[in-house]
Amino acid sequence: MAPPGRPRLYLATRNAGKVREFGRLLGAWFAVEPLAPDVTLPPENGSTFAENALLKAGAGFAEVGGQVAVLADDSGLEVDALGGEPGVRSARYAGEDAGDRENVLRLLEELSGRSDRRGRFVCALALLLPPELARLAGTGLLEARGTLEGTITLEPRGETGFGYDPVFRPAGWERTLAEGGPDEKDAISHRGDAVRALVALWQSIGSPPGGALSSPGGDLPSPGGDS
Ligand code: IMP
């Protein structure tokens, strides 16, 4: 059960790295839980991050009977010299069953000998709301996007994070994302950026001119405990 004032929110993802990051980023606002392991998520065959996020959120929302808020993110790395690749195929860049290590190695191989190594992480979020929250919010779908600019290093460095973090050096940093701590990543990351935009949207619809809305558990979420 969600503590009072924090609606329950399911995450439509199987990526443990994302579950950890959303728990940290959204725990003050929602009681964040992963979807049950037996829930099947659809293939990510959309052509944009936003399309894929909506596909995943919609599938998760159907699985919970539309009665609990469901959040999905689709994210990935766009590299300028590769025409935006790996993009929406970031998770399977080196093949359908590829892991982080194989994907990173393929990226380094594709960029071998290139001097322009600029790129960015992109995160698209889709949050579907159950009827009682949708009624209070005046909409059943909230969407947000965040980005993080940087460059791809020549070799992996660092142990924290996941995915392409060991080869991504954020603009203004001397280290890779995998050499920074979780709080440092959250403060600048594409996911942190998108979550902050989503929360701002949530707050703006939760506090319309003329008075605040309230949710079944009390007020619409405000910063609270951990999750
Ligand atoms: P998807 O959103 O499930 O399609 O997967 C996104 C993929 O993009 C992940 O498997 C990672 O390879 C990569 N990715 C997304 N966000 C991050 C991040 O914060 N750090 C490193 N890699 C990321």
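So, how was this worked out
- Residues numbered from 1 in each chain as written.
- Predicted model: local features only at pLDDT ≥ 70, side-chain atom pairs only at ≥ 80, totals over all residues.
- Heavy atoms only, no water.
- Helix = DSSP H or I, 4+ residues; strand = E, 2+ residues; numbered from the N terminus.
- Buried < 20%, exposed > 50% of the residue type's maximum accessible area, 1.4 Å probe, protein only.
- Contact = heavy atoms within 4.5 Å.
- Areas by Shrake-Rupley, 256 points an atom, 1.4 Å probe, with all protein chains shown as cover.
- Near = heavy atom within 4 Å.
- Polar contact = N/O pair within 3.5 Å; in protein donor to acceptor, adjacent residues only side chain to side chain.
- pLDDT = per-residue confidence, 0-100.
- Phe/Tyr/Trp six-rings, centres within 6.5 Å; stacked < 30°, edge-to-face > 60°.
- Pairing = 2+ DSSP bridges.
- Axes fitted to C-alpha atoms, helices over the stretch in contact; angles between N-to-C directions.

The next thing to look at is the overall build of the chain. Helices and strands together make up the secondary structure of the chain, namely six helices and eight strands. Counting helices and strands in the order they occur from the N terminus, the chain gives β-α-β-α-β-α-β-α-β-β-α-α-β-β. Residue burial in the chain is summarised as follows: out of 227 residues, 47% are buried. Within the chain, contacts between residues at least 6 apart in sequence are counted, and of these 60% link residues at least 24 apart. Here the chain displays about 10,600 Å² of accessible surface, and carbon together with sulfur accounts for 52% of that area.

Turning our eyes to something else, we now look at the site of the ligand. In the region of the ligand, 17 residues are neighbours, and Lys-18, Glu-44, Asp-165, Lys-185 and Arg-191 sit closest. Note that an oxygen atom of the ligand is positioned 2.6 Å from one of the side-chain N or O atoms of Lys-18. At a separation of 3.1 Å, an oxygen atom of the ligand approaches a polar side-chain atom of Asp-74. A total of 490 Å² of accessible area belongs to the ligand in isolation, and the protein chains cover 95% of it. Only strand 3 (69–79) and helix 6 (190–206) provide two or more residues apiece to the shell around the ligand.

Now for the confidence of the model for the chain. Averaged over every residue, the pLDDT of the chain is 88; the share at 70 or more is 89%. Across residues 208–227 the pLDDT falls below 50, and counting only partners more than four positions away or on other chains, this stretch makes 45 contacts in the model.

The tally for this structure, following the rule as stated, stands at two aromatic pairs. Summarising the aromatic geometry, the rings of Phe-30 and Trp-202 are spaced 5.2 Å apart at their centres and angled 55° between planes, so their arrangement reads as tilted. With a gap of 172 residues between them, Phe-30 in the loop between helix 1 (16–26) and strand 2 (31–34) and Trp-202 in helix 6 connect regions that are remote in the sequence. Here Trp-202 falls in the buried class, since its relative accessible area comes to 3%.

Strand order in this open sheet of six strands is 2-1-3-4-5-6, and the pairing throughout is mixed. Each edge of the open sheet is held by one strand with a lone partner, namely strand 2 and strand 6 (168–170). Taking each pair of neighbouring strands and ignoring which way they run, the sheet shows an average axis angle of 35°. Relative to strand 2, strand 1 (residues 8–11) is paired through four bridges, and the arrangement is parallel. Residue pairing for strand 2: Leu-11 is matched across the bridge by Pro-34. Its contacts with the sheet place helix 1 against strand 1, strand 2, strand 3 and strand 4 (118–128), and it is angled at close to 115° to strand 3.

Two elements, strand 4 and strand 5 (residues 141–152), share 11 bridges in a ladder whose sense is antiparallel. Within strand 5, the position partnered with Ala-126 by the bridge is Glu-143. As defined by bridge partners, strand 5 adjoins strand 6 across three bridges and the pair is classed as antiparallel. In the sheet register, Gly-150 faces strand 6, and the bridge partner there is Pro-170.

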